[in-house]
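In case you want the letters, here they are:
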Amino acid sequence: MKFSSKIDRCQLSPIRKFAPYARAAEKAGKKIYSLNIGNPDIATPSAYKEALRSYDAATVGYGPSEGLEVYLNAVMSYYDVKLGVKLEKGEVIATTGGSEALCIAANALLDEGDEIICPEPFYPNYSTFVTIPGGRICPMPTTPENGYRYAVREHVEACINEHTKAILVTNPGNPTGCVLTEEEMRIMLDVAKEHDLFLVCDEVYREFVYDGSPLRSALQYEGYDQNLIIVDSVSKRFSACGARVGVLISKNMEFMHHAMKWCQARLCPPTVDQIAAAALYTVDEHYFEMVREEYKRRRDTMVSRLQAIPGVQCKMPDGAFYLMATLPVDDADKFQMWLLTEFEGDATVMFASGEPFYATPGKGKNEVRLAYVINCDAINGAMDVLERALREYNNK
Ligand SMILES: Cc1ncc(COP(=O)(O)O)c(C=O)c1O
């Protein structure tokens, strides 16, 4: 029997592939500091659980393919009140997380051999979403020295060729924390429009910018409606990753019509979770301020601890809740395996090894992505472990 060449080209996620080894280490009594995955420990607002508790329909039935009205209204109201963006019915489709929104966009846009431009390092699941419909990521290299900035017209245009269908950006960025300035966002939108491309903006980290600047969305820029596709989600915004509720937004009705073919085939996103996700949109601004402050403390703690470890390099990220770090090892994957299977002590650390965050061969081998989603005490504990582990690993 044979498998598809497309699935053959995909890899397991660097964020999750070590999970079986971590479970075994945990069973053996080891504490695991999970810096590999953006699954925050911050409590989900109680509105979510209250909505779940008060759900009393006799039957948990299918909902509409575009999503439940209560959830769509909550999303549209958030865009209106917080961002000044008016969305109409039909311009918003509820999805099973931002992940499904990305998957739908990739399948609606890409044919065999098509390319999508993406700044690298990028969220590694993009590779899978793009590869399954037959596409490939055309990487736009960035460097830590340059703050991972990528919105330079000539650089973006140099990646465009006859196979290019779209540009995909994460703003604020995972894994780099790079946040586009207003001018940079305008450049990305202009390039997309001038070259007749879609700009897929993954804005699931919108709330997490640490310099006090107002919330931003590409949707706030007028004149780009036909080119723009937005991916959004409750996962990070409300620390509700397990809800699996997101949204796909576009004012391009032809795109939304094609997206709906997929949506009707997959029937609907989770019914009860959409109701609870709608309740999340009732939390007040104070919640976001508290959460932002907390992530900022975590970021500062992690960066200062990492920068004090000999041979480790990292930059201060501006947004989201990740950073890329270079470690004094030849292969981060091997180091991770050693940390989970051979490293002695009562605790160990998980990270996401860097190579799959790049499409350019050979890049990222000695890099890791770290998520500052655990509290400052835990981050300090993790950094103690990492520092000792690097010393022992390099003295083997
Ligand atoms: C950049 C980015 N986009 C999308 C997602 C998908 O999130 P979800 O499917 O939980 O909404 C993630 C998750 O980590 C992410 O980092």
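Cut-offs used in this document
Residues numbered from 1 in each chain as written. Predicted model: local features only at pLDDT ≥ 70, side-chain atom pairs only at ≥ 80, totals over all residues. Heavy atoms only, no water. Helix = DSSP H or I, 4+ residues; strand = E, 2+ residues; numbered from the N terminus. Rg over C-alpha atoms; globule rule 2.2 N^0.38 Å. Buried < 20%, exposed > 50% of the residue type's maximum accessible area, 1.4 Å probe, protein only. Contact = heavy atoms within 4.5 Å. Areas by Shrake-Rupley, 256 points an atom, 1.4 Å probe, with all protein chains shown as cover. Lys, Arg positive; Asp, Glu negative; His and termini not counted. Charge placed at Lys NZ, Arg CZ, Asp CG, Glu CD. Domains from an automatic or database assignment. Buried area = accessible area lost by both parts, 1.4 Å probe. Salt bridge = Lys/Arg side-chain N within 4 Å of Asp/Glu carboxyl O. Pairing = 2+ DSSP bridges. Core = buried A, V, L, I, M, F, W, Y, C linked by side-chain atoms within 4.5 Å. Near = heavy atom within 4 Å. Polar contact = N/O pair within 3.5 Å; in protein donor to acceptor, adjacent residues only side chain to side chain. Nonpolar A, V, L, I, M, F, W, Y, C, P; charged D, E, K, R; others polar.

Looking only at helices and strands, the protein chain has 13 helices and 13 strands in total. Taken over the C-alpha trace, the protein chain has a radius of gyration of 21 Å; the compact-globule value for 396 residues is 21 Å, and the two agree within 12%. Across its three principal axes, the protein chain shows a C-alpha extent of roughly 60 × 55 × 55 Å. Counting only residues that meet the buried cut, the protein chain has 57% of its 396 residues in that class. Here the contacts in the protein chain between residues at least 6 apart in sequence split such that 76% fall between residues at least 24 apart. Element-wise, carbon and sulfur atoms account for 51% of the exposed surface of the protein chain, whose accessible area totals about 17400 Å². The centroid of the 42 positive side-chain charges in the protein chain is displaced by 4 Å from the centroid of its 54 negative side-chain charges.

How big an interface is tends to be stated in terms of the accessible area lost upon association of its parts. Taken domain by domain, the protein chain comprises domain 1 (5-43 + 286-394) and domain 2 (46-280). The C-alpha centroid of domain 2 is placed 25 Å from the C-alpha centroid of domain 1. With 37 residues of domain 1 in contact, the opposing surface of domain 2 contributes 39 residues. Buried surface at the junction of domain 1 and domain 2, both sides included, amounts to about 3100 Å², of which 59% is carbon and sulfur. The tally of links between domain 1 and domain 2 comes to three salt bridges. E120 is paired through a salt bridge with K363; the nearest N and O atoms lie 3.6 Å apart.

This next bit is on the pattern of salt bridges. Applying the stated criterion across every chain, the model contains 30 salt bridges. The partner of K82 in a salt bridge is E207, and the shortest N-O contact between them spans 4.0 Å. Linking K82 in helix α4 (residues 69-83) with E207 in the loop between β6 (198-202) and β7 (228-233), this pair joins segments that are 125 residues apart in sequence. Under the relative-accessibility criterion, K82 is labelled partly exposed at 27%. Take E207: its relative accessible area is 2%, and that puts it in the buried class. One salt-bridge network, held together by shared partners, links K82, E203, R206, E207, D232, R237, E285 and R292.

On to the pairing of β7. Taken across its six residues, β7 has six buried, putting it largely inside the fold. Neither face of β7 is exposed, since L228, I230 and D232 on one face and I229, V231 and S233 on the opposite face are all buried. Of the strand pairs in this sheet, β6 and β7 are connected by four bridges, and their pairing is parallel. Paired with V200 across the strands is I229, a residue of β7. Across four bridges, the pairing between β7 and strand β8 (residues 246-249) is antiparallel. Opposite S233, over in β8, you have G246 as the bridge partner.

The next subject is the nonpolar core. Within the largest apolar cluster, 136 residues are counted, with the highest numbers of intra-cluster contacts made by Y71, Y79, I167, M188, V234, L306 and F335. Considering every element that reaches this core, the biggest residue donor is helix α13 (residues 376-394), with nine residues. Each of domain 1 (5-43 + 286-394) and domain 2 (46-280) accounts for three or more of the residues forming this core. Within the second largest apolar cluster, six residues are counted, among which are F18, A25, I32 and L340.

Right, let's get into the site of the ligand. The ligand sits among 16 residues. The nearest are S99, D202, Y205, S233 and S235. A distance of 2.6 Å separates an oxygen atom of the ligand from a polar side-chain atom of Y205. Look at the ligand: alone it shows 400 Å² of surface, and the protein chains cover 94% of it. A per-element tally of the shell around the ligand places helix α5 (residues 97-109) first, with four residues. Of the residues that constitute the shell around the ligand, the class distribution is six nonpolar, seven polar and three charged.

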